[in-house]
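Breakdown of the fold
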Amino acid sequence: MSLALSLPIPSEAAQLVLFAPYCGGRSREADLQRALRLVVKGSLKGRRLLQGGRAHPFTLSWQGASSPLELCSCQLCFSETQVPIYNFDVSMHQLVNWLMACPDLGDQGDLPNHFWSWLLLGLEEHVSDA
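Counting from 1, residues in each chain are numbered in the order their sequence is written. For a predicted model such as this one, the threshold for reporting local features is a pLDDT of at least 70, and the threshold for listing and counting side-chain atom pairs is 80 or more; totals across whole chains, interfaces and linings nevertheless cover every residue. Based on all heavy atoms of the structure, the side-chain values leave hydrogens and waters out of the count.

Here's the deal with a nonpolar patch on the surface
Taken together, the side chains of Leu 120, Leu 121 and Leu 123 present a nonpolar region at the surface, about 320 Å² in accessible area. Burial classes follow relative accessibility: with a 1.4 Å probe on protein chains only, a residue under 20% of its type's maximum area counts as buried, one over 50% as exposed, and anything between as partly exposed. Residue Leu 120 is classed as partly exposed on the basis of its relative accessible area, which comes to 48%. For patches, a residue must show more than 30% relative accessible area and have no salt bridge; joins then use 9 Å for like charges and 5 Å for nonpolar side chains, namely Val, Leu, Ile, Met, Phe, Trp and Tyr. Surface accessibility in these figures is a Shrake-Rupley result with a 1.4 Å probe; residues are shielded only by whichever protein chains are displayed. By definition, a salt bridge exists where a carboxyl oxygen of Asp or Glu is found within 4 Å of a side-chain nitrogen of Lys or Arg.

This is how it looks when you write it as structure tokens:
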């Protein structure tokens, strides 16, 4: 029999202090607050804009991490299928950085181009750790 340890979710102020060194420091605090509020929801619905004005609706969801260096499991599916097309694990601070870079977080916005380059082409962006 295993006992599952359930830790409380840190307060928003504590999360800001925890993630700031990995996410641009205090100079990006407003973006970090916005991203951390979205992290709690566990998913982002968006639209990947294509040339010619078309867009592909998608859902990115995540679970399993609450601190910057922990890995979180992510699933990306396009709305037409609702079947996960991509499953991947990234550090929580990387996910938060991507969410911070969303110009219109939440209501049908798009993830930043460097996310799509990483996912589709395997191009690594330089991410500095604290």
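Things to note about the packing of helix H2 (residues 29-41) against helix H3 (residues 92-100)
As a rule, the C-alpha atoms of each element are fitted with a line to give its axis, helices using only the stretch in contact, and angles between N-to-C directions run from 0 to 180 degrees. Every helix listed is a DSSP run of H or I at least four residues long, and every strand listed is a run of E at least two residues long, numbered separately from the N terminus. Put simply, H2 and H3 touch, their axes get as near as 9 Å, and they point 115 degrees apart. What the angle tells us is that H2 and H3 run roughly perpendicular. Regarding H2 and H3, the two cross each other, and that crossing is right-handed. In this structure, H2 contributes Asp 31, Leu 32, Arg 34, Ala 35, Leu 36, Leu 38 and Val 39 to the contact, and H3 contributes Met 92, Val 96, Leu 99 and Met 100. Residues that form the contact of H2 with H3 fall into these classes: 9 nonpolar, no polar and 2 charged. Oblique is the label for every angle not falling under 35 degrees (roughly parallel), over 145 degrees (roughly antiparallel), or within 65 to 115 degrees (roughly perpendicular). Note on convention: near helix rotated counterclockwise from far helix by under a right angle means a left-handed crossing. Clockwise means right-handed. We call two residues contacting when some pair of their heavy atoms lies within 4.5 Å. In this count, Pro and Cys sit with the nonpolar residues alongside Ala, Val, Leu, Ile, Met, Phe, Trp and Tyr, while Asp, Glu, Lys and Arg are called charged and the others, Gly among them, polar.

A short note on the packing of helix H1 (residues 12-19) against H2
Axis separation between H1 and H2 bottoms out at 10 Å; the angle between their running directions is 120 degrees. As H1 packs across H2, the resulting crossing turns out to be right-handed. Side by side, H1 and H2 meet where Glu 12, Gln 15, Leu 16 and Phe 19 of the first sit next to Glu 29, Leu 32, Gln 33, Leu 36 and Arg 37 of the second. Grouping the amino acids of the contact of H1 with H2 by side-chain chemistry returns 4 nonpolar, 2 polar and 3 charged.

Details of the packing of aromatic side chains
Only centres within 6.5 Å qualify two rings of Phe, Tyr or Trp (six-membered ring in Trp) as a pair; their planes then separate them into stacked at under 30 degrees, edge-to-face at over 60, and tilted for everything else. Taken as a whole, this structure holds 8 aromatic pairs when the rule is applied. Aromatic pair Phe 88 and Trp 118: ring centres 5.2 Å apart, planes at 70 degrees, arrangement edge-to-face. Of this pair, Phe 88 sits in strand E4 (residues 86-91) while Trp 118 is found in helix H4 (residues 113-121), placing the two residues 30 residues apart along the sequence. Across this residue pair, the class does not change: Phe 88 and Trp 118 are buried. With centroids separated by 4.9 Å and ring planes inclined at 80 degrees, the aromatic side chains of Trp 98 and Phe 115 adopt a geometry described as edge-to-face. Pair noted here: Trp 98 is in helix H3 and Phe 115 is in helix H4, with a separation of 17 residues, a long-range link. The burial state of Trp 98 is the same as that of Phe 115; both residues are buried.

So, the pattern of salt bridges
This model, assessed by the stated rule, comprises 4 salt bridges. When the shortest N-O distance is used, the salt bridge between Arg 26 and Glu 29 registers 3.1 Å. Look at Arg 26 and you get exposed, because its relative accessible area is 69%. Taken together, the salt bridges that share partners define one network made up of Arg 28, Asp 31 and Arg 34.

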